[in-house]
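If you want the building blocks of each chain, they are given just below.
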Amino acid sequence: MKPKTFLIESLIGLGGLFLIVSALGIYILNEPNRIVAAQNEILSSQLDDAMTLYAENCSVCHGLRGEGIGATPPLDSAALRTMPYDDLYKTIARGRYQTAMPAWSIEDGGPLSDYQIDELTTLILYGDWTKTGERTVNLGLAPLIPFTAEPDPALLAELANLPDGSTLQAAVQLFAANCVACHGADGLGTGIAPALNDPAVREKSAEEINRVITYGSAGTLMAGWSNALTAEDISALTTLIQRWDEVPLGTIPAPNVPIPVTEESLALGSQLFAANCARCHGPEGQGTPRAPSLNVKSFLTQTSDLAIQQIITQGVPGTAMPAWGDRMTAAEIQAIVGFIRQWEPTAPEVAVITRPGGGGPPWLRNETNNANPLPSTGGPRQAGQAGQPATQTVPSLDWRLLLLVGVVLSLAFTLIFTGLFSLKQT
Ligand code: HEC
Ligand code: HEC
Ligand code: HEC
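Residues numbered from 1 in each chain as written. Chains lettered and ligands numbered in written order. Predicted model: local features only at pLDDT ≥ 70, side-chain atom pairs only at ≥ 80, totals over all residues. Heavy atoms only, no water.

### A look at the coordination of the iron atom of ligand 2
- The protein atoms that coordinate the iron atom of ligand 2 are His183 (NE2) and Met222 (SD), at distances of 2.0 to 2.2 Å.
- Here the iron atom of ligand 2 binds six donor atoms, and the angle range of 88 to 178 degrees at the metal identifies the geometry as octahedral. Highlighted residues: His183 in helix α9 (residues 180-183) and Met222 in the loop between α11 (206-215) and α12 (231-242), separated in sequence by 39 residues.
- We classify His183 as buried; its relative accessible area is 10%. (Donors = N, O, S within 2.8 Å, 3.2 Å for Na, K, Ca; no water. Tetrahedral: all angles 85-135°; square planar, octahedral: opposite > 155°, others 65-115°. Helix = DSSP H or I, 4+ residues; strand = E, 2+ residues; numbered from the N terminus. Buried < 20%, exposed > 50% of the residue type's maximum accessible area, 1.4 Å probe, protein only.)

### Focus: helix α16 (residues 305-314)
- Inspection of α16 places Asp305, Ile308, Gln309 and Ile312 among the buried residues, and these make up the whole buried set. When α16 is viewed along its axis, its buried side chains cluster within an angular range of 100 degrees and face the same direction.
- Contact partners of the buried residues in α16: α15 (297-302) and α17 (330-341).
- Immediately downstream of α16, the backbone of Gly315 shows phi near 70 degrees, a positive value. (Arc of directions from axis to C-beta. Contact = heavy atoms within 4.5 Å.)

### Some words on the confidence of the model for the protein chain
- In this model, the protein chain carries an average pLDDT of 84, and 87% of its residues clear a pLDDT of 70 or more.
- No element of the protein chain has a lower mean pLDDT than helix α18 (residues 362-370), which averages 38, and none a higher one than α12, which averages 98.
- In the model, residues 357-397 has pLDDT below 50 throughout and makes 30 contacts with residues more than four positions away in sequence or in other chains. (pLDDT = per-residue confidence, 0-100.)

### Overview of the packing of α16 against α17
- At a minimum axis distance of 10 Å, the contact between α16 and α17 shows a crossing angle of 125 degrees. The angle between α16 and α17 falls in the class oblique. Considering the relative orientation of α16 and α17, their crossing is right-handed. Counted together, Asp305, Ile308, Gln309, Ile312 and Thr313 of α16 and Ile333, Gln334, Ile336, Val337, Ile340 and Arg341 of α17 form the full contact between these two elements.
- Classifying every residue of the contact of α16 with α17 gives six nonpolar, three polar and two charged. (Axes fitted to C-alpha atoms, helices over the stretch in contact; angles between N-to-C directions. Parallel < 35°, antiparallel > 145°, perpendicular 65-115°, else oblique. Left-handed = near helix turned anticlockwise from the far one by under 90°. Nonpolar A, V, L, I, M, F, W, Y, C, P; charged D, E, K, R; others polar.)

### A word on the coordination of the iron atom of ligand 1
- Protein coordination of the iron atom of ligand 1 is provided by His62 (NE2) and Met101 (SD), with donor distances spanning 2.0 to 2.1 Å.
- Because the angles between the six donor atoms bound to the iron atom of ligand 1 fall within 88 to 178 degrees, the donor set is best described as octahedral. Note that His62 is positioned in helix α2 (residues 59-62) and Met101 in the loop between α4 (85-94) and α5 (114-126), a separation of 39 residues in sequence.

### Examining the site of ligand 2
- As a matter of local geometry, ligand 2 sits amid 21 residues, with Cys179, Cys182, His183, Ser217 and Met222 nearest to it.
- Separating a nitrogen atom of ligand 2 from a side-chain N or O atom of His183 is a distance of 2.8 Å.
- Side-chain polar atom of Lys204 to an oxygen atom of ligand 2: 2.8 Å apart, as the coordinates give it.
- Put simply, the parts of the chain that give the shell around ligand 2 at least two residues each are α9, α11 and α12. (Near = heavy atom within 4 Å. Polar contact = N/O pair within 3.5 Å; in protein donor to acceptor, adjacent residues only side chain to side chain.)

### Some words on the side chain of His281
- Within the fold, His281 resides in helix α14 (residues 278-281).
- A distance of 2.9 Å separates the side chain of His281 from the backbone oxygen of Pro292, its partner in a polar contact.
- Discounting residues that sit within four places of it in the chain, His281 has contacts with Phe273, Gln286, Gly287, Thr288, Ala291, Pro292, Leu294 and Met321.

### Topic: the site of ligand 3
- In the vicinity of ligand 3 there are 20 residues, among which Asn276, Cys277, Cys280, His281 and Met321 approach most closely.
- His281 places a side-chain nitrogen or oxygen 2.8 Å from a nitrogen atom of ligand 3.
- By residue number, the principal contributor to the shell around ligand 3 is α14, which donates three residues.

Below, the structure is given as structure tokens:
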């Protein structure tokens, strides 16, 4: 009796020991894998941070996904991937003297910490530029104006008639070549830099403006330009900024650059449109008696993405069209613009305004289309609100409801039968 229990107990103890030892062994053997996994995790979190840093600081000059813009070189190049780490790091930290490439390290007056520059170096060496491009779009930071723009030749020539016109002409060309990407067409500002064509800026002294252009504004995207421009260039730009109210709008026009989209931005745009715009512009943008159609060829072909973005941001004063700029981020508004632009290939030539019951059953919709677009029967609000959800929810509710009823019924039957069965047994 006793020796037998002892034997069993020892066997159990041995088994336990074996389990502990083998677990430890597996743990130790697995350690290198764990270290590699941890390193990969750090690398991917660094790359993740770096994509946002790139979108915020570099995409404006080097392009949406590092492809380069105009004279600014690409960063997605094989040559850079084989460049020694230290050289690449130094290029970013210190910039390139006498070019538009500013110094980025805090030591050199830039906005980025050593760790952030390290992350960006890692991105250029190992990063995924397609993903970086998607990040840039999703953050609403895709450059919409190329780094340089072309001044309108006729308006540029007209500037000669103004006092000291040749200085203004030179400055407009410098601005179009160096500043437009950040400060916007006609100096009206963008999401990343303030308007310079602005009464508040005109009030500043020439010395103050000259100083910002020469030395930059530490810790921001505004680099100092003393490396790239002469003192004479900078003083001409200062003159332009102080006298911008004399320069006609359209002298430095916005090129028609489409807002890029990603799957994520389209989904966001669709959701925001449904939540904020559909009640006035109709669920498919076809228009309602309250607001014009957006899903129509004439509007979409005549209005650039930048213009649509501006209308949505600023609203249409004196109408029911609200300004969305203080309620939505630039990224959200761009997502909506991308979503609206998607309609262009299939947009009807003529707007077919949704009217009361327009979202209802097909026989009603046909009648509506042929009829006068203005509401003739019933209140537009009531009918519109009752009609739209009905078509959208009824079909989907149908099969889900059926499924639910089926499941509940079969559960009930099972319960009843097992109940009866056990009753019978006892
Ligand atoms: C204001 C425009 C501008 C911005 C913003 C900018 N760059 Fe540059 N960058 C340039 C220009 C112009 C050059 C080319 C300089 C030259 O001619 O050597 C350049 C060159 C480079 C190079 C060297 C490329 C090569 O082929 O030798 C690297 C690397 C680089 N930039 C990284 C960055 C990073 C990272 C950022 C963001 C933190 C950034 N740049 C932001 C304008 C810019
Ligand atoms: C890479 C983007 C970028 C470029 C290119 C750029 N700027 Fe700026 N600029 C900025 C940002 C961002 C600010 C705001 C800085 C701050 O908040 O202090 C700014 C501020 C300024 C200001 C001060 C405005 C004020 O309200 O006082 C002036 C003047 C100016 N920039 C002129 C220029 C000129 C001229 C050029 C072209 C030679 C230029 N900038 C190119 C990003 C840029
Ligand atoms: C309260 C009703 C209302 C809402 C909500 C509304 N809009 Fe509008 N919208 C209007 C009206 C009215 C106009 C026509 C303004 C006019 O007369 O120029 C308009 C005009 C526009 C235009 C210009 C159309 C053209 O033909 O020039 C665009 C673009 C637009 N809206 C987009 C949007 C977007 C995007 C949203 C959602 C974020 C939205 N609107 C939400 C009422 C509305």
